[in-house]
Amino acid sequence: MDTLETRELRYFTAVAEELHFGRAAERLGMAQPPLSRAIQQLERRLGVSLLKRNRRGVSLTGAGEVLLQEGRAALDAITAAARRTRRAGGADRPGEPRHRLVLAVKAAAFHELLQKLLDAYAAEPDAAEVEVLPSGTCEQEEMLRDGRADVALMHAPFNSLAGFDSEELMTEGQIAILPAGHPLAAHKTLSLADVSDIPDLPLARWSRHGTYPPGPGPEIHDQTQLAQLIALGRTVAVFPDSARAWLWAEHAAVPLTDAPPVVTHIAWPAHSRSLALAGLIRTATQL
């Protein structure tokens, strides 16, 4: 059979991500034996082995890796359908806005562009209510895929636009943000090499899809934490030039001569047929 149940996908995804039946069962709030039986039944139905089981533990087969990738996308699509349906249903309740769009943006990024977009769109006839949803680095992709957001402002090359429709809005350079009293803060320009290996001032590390890259720099959870650590002389960060809008007096911004340009896109699910969303995109491209 070629059909899969949502329950089966959730069970398999938990095991594939944990690579441990006990932890997966605990995560799912169920006993381990029925979980093991469900995975075995799924393998029989599909006619393939999804997991390699041995004394060392559990690992994915090639087929298992495919199902994990496809299953995640399918579960995201199901969740997105439910969330967007609830938002659309709000228009049927008295006192609720006729239309509502959720716009995901990276926290503290591109204030000027965002404000221009919101003001211009609000002036359009029949404009929908726009809820701005601040997010961490690279979280906008997940928010679009799982329905927490309808549209997002995203940075290339840091954000992946795969699977989305998008329009370019602006291009800018990058800057190093350092403690104002650091010797490098007095330079007119710097290179990526200059800021990648500063003694006692390691590069900040942001989570990407739930994991942090290796390195000695602090793990950053939000922009306020980063701002404080830079001001205290504990880290340095690389940001688009528009980040100057949130700098403190204790910070210094120095242009990077060899950093690739950052392109801001407005992105949305490729299958969207929302007229309200189309209006917001049209406004964005006319700024």
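Remember, it's a predicted structure, so these values are computed and weren't measured experimentally. (Residues numbered from 1 in each chain as written. Predicted model: local features only at pLDDT ≥ 70, side-chain atom pairs only at ≥ 80, totals over all residues. Heavy atoms only, no water.)

What to know about the overall build of the chain
Looking only at helices and strands, the chain features nine helices and twelve strands. A principal-axis box enclosing the C-alpha atoms of the chain has dimensions of 65 × 55 × 30 Å. Buried positions account for 41% of the 287 residues belonging to the chain. Restricting the contact set of the chain to residue pairs at least 6 apart, pairs at least 24 apart contribute 65%. If the 30 positive side-chain charges of the chain are averaged to one point and the 35 negative ones to another, these points end up 8 Å apart. (Helix = DSSP H or I, 4+ residues; strand = E, 2+ residues; numbered from the N terminus. Buried < 20%, exposed > 50% of the residue type's maximum accessible area, 1.4 Å probe, protein only. Contact = heavy atoms within 4.5 Å. Lys, Arg positive; Asp, Glu negative; His and termini not counted. Charge placed at Lys NZ, Arg CZ, Asp CG, Glu CD.)

A closer look at the pairing of strand β3 (residues 100-106)
For β3, a buried count of six out of seven residues is recorded, marking the element as mostly surrounded by other parts of the structure. Relative to strand β4 (residues 129-135), β3 runs parallel, the two sharing seven bridges. Bridge pairing links valine 105 to proline 134 in β4. Sheet topology note: the β3/strand β5 (residues 151-156) ladder contains two bridges and is parallel. In the strand pairing of β5, alanine 104 is matched with alanine 152. (Pairing = 2+ DSSP bridges.)

Digging into the UniProt feature "domain: HTH lysR-type" (unreviewed entry) in the chain
UniProt feature "domain: HTH lysR-type" (unreviewed entry): in the numbering of this structure it lies at residues 4-61. When the span residues 4-61 is considered, its composition is 62% helix and 14% strand, and the gap between its end C-alpha atoms is 19 Å. (UniProt positions renumbered as here; feature names shortened; annotations may be inferred.)

Some thoughts on helix α3 (residues 32-46)
In this model, α3 (15 residues) spans 21 Å end to end at C-alpha, consistent with the 21 Å of a helix rising 1.5 Å per residue. Looking only at α3, the buried set comprises Leu35, Ser36, Ala38, Ile39, Leu42 and Glu43. One side of α3 carries all its buried residues, which in axial view fall inside an arc of 160°. Turned more than 90 degrees from where α3 packs its buried face, Arg37 and Arg44 sit exposed. One or two steps after α3, the chain reaches glycine 47, where phi turns positive at roughly 75°. (Expected span 1.5 Å × (residues − 1). Arc of directions from axis to C-beta.)

Notes on the packing of helix α2 (residues 21-28) against α3
Relative placement of two packed helices is described by the angle separating their axes and the distance separating the axes. At a closest axis distance of 9 Å, the pairing of α2 and α3 adopts a crossing angle of 105°. As summarised for this structure, α2 and α3 are arranged roughly perpendicular, according to the angle between their axes. Note on element contacts: α3 touches α2 through Gln32, Leu35, Ser36 and Ile39, opposite Phe21, Gly22, Ala24, Ala25 and Leu28. Its residues assigned to classes, the contact of α2 with α3 shows six nonpolar, three polar and no charged. (Axes fitted to C-alpha atoms, helices over the stretch in contact; angles between N-to-C directions. Parallel < 35°, antiparallel > 145°, perpendicular 65-115°, else oblique. Nonpolar A, V, L, I, M, F, W, Y, C, P; charged D, E, K, R; others polar.)

Side note on the packing of aromatic side chains
Under the counting rule described, the total for this entry stands at two aromatic pairs. With centroids separated by 6.2 Å and ring planes inclined at 75°, the aromatic side chains of tryptophan 206 and phenylalanine 239 adopt a geometry described as edge-to-face. Placement of tryptophan 206 in strand β8 (residues 205-206) and of phenylalanine 239 in strand β10 (residues 237-240) is noted, with a sequence separation of 33 residues between them. This pair shows no difference in class: tryptophan 206 is buried, exactly as phenylalanine 239 is. Arranged with centres 5.4 Å apart and planes meeting at 75°, the rings of phenylalanine 239 and tryptophan 246 form a pair that is edge-to-face. Note on accessibility: phenylalanine 239 and tryptophan 246 belong to one class, buried. Each residue in the set Trp206, Phe239 and Trp246 is aromatic and connected to the rest through ring pairs, giving one cluster. (Phe/Tyr/Trp six-rings, centres within 6.5 Å; stacked < 30°, edge-to-face > 60°.)

Re the confidence of the model for the chain
Looking at the chain as a whole, the pLDDT averages 90, with 95% of positions reaching at least 70. Averaged pLDDT values over the elements of the chain bottom out at 88 in helix α4 (residues 62-89) and peak at 98 in strand β11 (residues 251-255). (pLDDT = per-residue confidence, 0-100.)

Quick look at the pattern of salt bridges
Within the structure shown, the criterion is met by 16 salt bridges. Among the ionic pairs, glutamate 17 bridges to arginine 72, the shortest N-O distance being 3.0 Å. In this pair, glutamate 17 sits in helix α1 (residues 6-18) while arginine 72 sits in helix α4, placing the two residues 55 residues apart along the sequence. Classification of arginine 72 as partly exposed rests on a relative accessible area of 40%. In this structure, arginine 148 engages aspartate 146 in a salt bridge whose closest nitrogen and oxygen atoms are separated by 3.0 Å. On the accessibility criterion, arginine 148 (31% relative accessible area) is partly exposed. (Salt bridge = Lys/Arg side-chain N within 4 Å of Asp/Glu carboxyl O.)

A look at the sheet that holds β10
Pairing within the open sheet is antiparallel, and its three strands lie in the order β10-β7-β11. This sheet does not close on itself; its edge strands, each paired only once, are β10 and β11. Direction aside, the axes of adjacent strands within the sheet are offset by 35° on average. As judged from the four bridges shared by strand β7 (residues 174-179) and β10, these two strands associate in the antiparallel manner. If you follow alanine 176 over to β10, its bridge partner there is valine 238.

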